[in-house]
Amino acid sequence: MVKKSDDSENSSEKKAPQLTDLPGIGPAVSAKLESAGIYDMMSLAVMSPGQLGDAAGVSPAVARKAIQAARKMMDLGFTDGLEYAKKRESILYITTGAKNFDELLGGKGIEAKAITEAFGAFGSGKTQLGLTLAVNVQLPIEKGGANGKCVFIDTEGTFRPARIKQIAENLGANPEKVLKNIFVARAFNSDHQILLVEKIGEMIKDGEPIKLVIIDSLTAHFRAEYAGRGTLADRQHKINKYLHNLMKLAETYGVAIYVTNQVMANPAQMFGDPTTPIGGHIVGHASTYRLYLRRGKKGSRVAKLVDSPSLPDDETIFWVTNAGVVDEE
Ligand code: GTP
Ligand code: MG
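The structure displayed is predicted, hence computed values, not measured ones.

Draft legend 1. Layout of the sheet that holds strand β3 (residues 114-120). Here we have 9 strands laid out as an open sheet, ordered β5-β4-β6-β7-β3-β10-β11-β12-β13, and mixed in their pairing. Looking along the sheet, the strands with just one partner apiece sit at the ends: β5 (182-186) and β13 (324-326). Across the sheet, the mean angle from the axis of one strand to that of its neighbour is 25°, orientation sign disregarded. Here β3 runs beside strand β10 (residues 289-295); their pairing, made up of 5 bridges, is parallel. From the neighbouring strand, T116 faces β10, where its bridge partner is Y289. Running over the sheet, helix α13 (residues 232-253) touches β3, β6 (210-216) and β7 (256-261) and is turned about 135° from β3.

So this is what it looks like as structure tokens:
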């Protein structure tokens, strides 16, 4: 499990200092950093001197100085418990559409500054939950939304505008407006998928109030491209790095991340549910909340929360209807 530091909170609220305010970072180096996807102080503050040196083309000593200055400006470090609790209270949540499902996740749905992963077999509801969240994030905060926009990275061509409209209509929202607030990108391979995430920070910096990023599916391209055991370690490394970047995006900008993950048969498991999420424990550790979705009785769906840092492992029933994810049929 990734420990959520919460110390990035200040970055989006105070007026953001520029990279060029740092020692050793002039306009040319700053431009170089931007083209490497590093736009703001927080992204730089959490880098290692080696990483920054490579990205900026400066010596490790210069990089170290810049990082130290950035960390000072960002006020990274410890926060007292009361302050920490206050910050946690201000975290946004997005309702799943079902009260019981929200309860499973601690009461209010999926959490900003965190990665929620749904894994499960085909037809278990992973994409449907994503489409529902893409609509619900746009709701006002008092209605369970985050009053924000959504980015949907589609690796499998499963984004359905008509389905979004249908869910929006059922909520009494304007379907065209709802669609307009969802930025959809089809990722054609894993590199493209990685590149698209780098773009999101840029969009937020340009003023787009993005509060939810959906990646459906997180693992499909990686799985297809790294077929065969020989390259498994490479694949895991790449997925791991990708998840790390996603977590950084989540923490820097206070967005919620929802990713889906397929399952494969686990030949070592002879009894029970013979499925294992792709990417195994690496994806598992990087996700803050992991949901296992499966088909239940009479067309219902079951969501099970696994290995949560703060919540008990538990499960609940939900339904996928014309209105999206709901408590009862
Ligand atoms: P894969 O992507 O194939 O791994 O599956 P998934 O977990 O993403 O499944 P998905 O979320 O696409 O669930 C598909 C199921 O959702 C269908 O079998 C239907 O039961 C349900 N569903 C999809 N669209 C609608 C709809 O418009 N109305 C209703 N009532 N149900 C729908
Ligand atoms: Mg799907």
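That was the structure; now back to the text.
Draft legend 2. Geometry of the packing of helix α2 (residues 27-35) against helix α4 (residues 49-56). Axis separation between α2 and α4 bottoms out at 8 Å; the angle between their running directions is 105°. When the interaxial angle is binned, α2 and α4 end up roughly perpendicular. Counting all contacts with α2, which are made through V29, K32 and L33, the residues of α4 involved are L52, A55 and A56. Within the contact of α2 with α4, the residues separate by chemical class into 5 nonpolar, no polar and 1 charged.

Draft legend 3. Here's a closer look at the packing of aromatic side chains. The full count for this structure, using the stated rule, is 4 aromatic pairs. Here F119 and Y292 contribute two aromatic rings whose centre-to-centre distance is 5.0 Å and whose plane-to-plane angle is 20°, an arrangement assigned as stacked. A residue pair is termed long-range when its members are at least 10 positions apart, and F119 in strand β3 and Y292 in strand β10 qualify at 173 residues. Accessibility assignment for this pair places F119 and Y292 in one class, buried.

Draft legend 4. Structural detail: the site of ligand 1. Near ligand 1 you find 15 residues, and of these G123, K126, T127, Q128 and N322 are the closest. Between ligand 1 and S124, the relevant distance is 3.2 Å, taken from an oxygen atom to a main-chain nitrogen or oxygen of the residue. At a separation of 2.8 Å, an oxygen atom of ligand 1 approaches a polar side-chain atom of T127. Alone, ligand 1 offers 660 Å² of accessible surface; in the complex the protein occludes 67% of this. Broken down by secondary-structure element, the contributors of at least two residues to the shell around ligand 1 are α8 (126-136), α9 (161-170) and β12 (314-321). Of the residues that constitute the shell around ligand 1, the class distribution is 3 nonpolar, 8 polar and 4 charged.

Draft legend 5. Local environment of the pairing of strand β11 (residues 301-306). Extensive coverage of β11 is indicated by the burial of 5 of its 6 residues. Of the pairings in the sheet, the one linking β10 to β11 comprises 6 bridges and is antiparallel in character. Counterpart to R294 in the pairing with β11 is V302. Strand direction decides the pairing type here: β11 and β12, joined by 5 bridges, are antiparallel. Bridging across to β12, V302 finds its partner in I317.

Draft legend 6. Highlighting unusual backbone geometry. Of note, the bond from D216 into S217 is cis; its omega dihedral lies within 30 degrees of zero at 5°. On the secondary structure map, S217 appears in the loop between β6 and α12 (220-225). A positive phi angle is found at N147, which is not glycine, with a value near 55°. Within the fold, N147 resides in the loop between α8 and β4 (149-154). Note on N147: relative accessible area 55%, which makes it exposed. Phi angles above zero are rare outside glycine, and K298 is one such case at about 55°. For K298, a relative accessible area of 79% puts it in the exposed group.

Rules used throughout
- Each residue is numbered by its place in its chain's sequence as written, counting from 1.
- Think of it this way: whatever chain is written first is A, whatever ligand is written first is 1, and the rest follow in order.
- In view of the model being predicted, local features appear only for residues whose pLDDT reaches at least 70, and side-chain atom pairs are presented and counted only at 80 or more, with totals across whole chains, interfaces and linings using the full set of residues.
- Calculation of side-chain values draws on the structure's entire complement of heavy atoms; hydrogens and water are dropped beforehand.
- In short, DSSP must find at least two bridges between two strands for them to pair.
- Where helices and strands are cited, they refer to DSSP runs of H or I of at least four residues and of E of at least two residues respectively, numbered from the N terminus.
- Comment: axis = line fitted to C-alpha atoms, over the contacting stretch for helices; angle = value between 0 and 180 degrees taken between N-to-C directions.
- Contacts are residue-level and defined by heavy atoms, with any inter-residue pair within 4.5 Å sufficient.
- Orientation is classified from the angle alone, with under 35 degrees giving roughly parallel, over 145 giving roughly antiparallel, 65 to 115 giving roughly perpendicular, and any other angle giving oblique.
- Side-chain classes follow a simple rule in which Ala, Val, Leu, Ile, Met, Phe, Trp, Tyr, Cys and Pro form the nonpolar group, Asp, Glu, Lys and Arg form the charged group, and the remainder, Gly included, forms the polar group.
- When the centres of two rings from Phe, Tyr and Trp lie within 6.5 Å, Trp using its six-membered ring, the rings pair. Their planes under 30 degrees apart give stacked, over 60 give edge-to-face, and anything left gives tilted.
- The rule is simple: take the accessible area with a 1.4 Å probe, protein chains only, and divide by the maximum for that residue type; under 20% is buried, over 50% is exposed, in between is partly exposed.
- Throughout this document, a residue counts as near a molecule or strand when at least one of its heavy atoms sits within 4 Å of that molecule or strand.
- Two N or O atoms form a polar contact when they lie within 3.5 Å of each other; inside protein one atom must be a possible hydrogen donor and the other a possible acceptor, and for residues adjacent in sequence the pair counts only when both atoms belong to side chains.
- Values of accessible area rely on a 1.4 Å probe in the Shrake-Rupley scheme; residue burial ignores everything except the protein chains shown.

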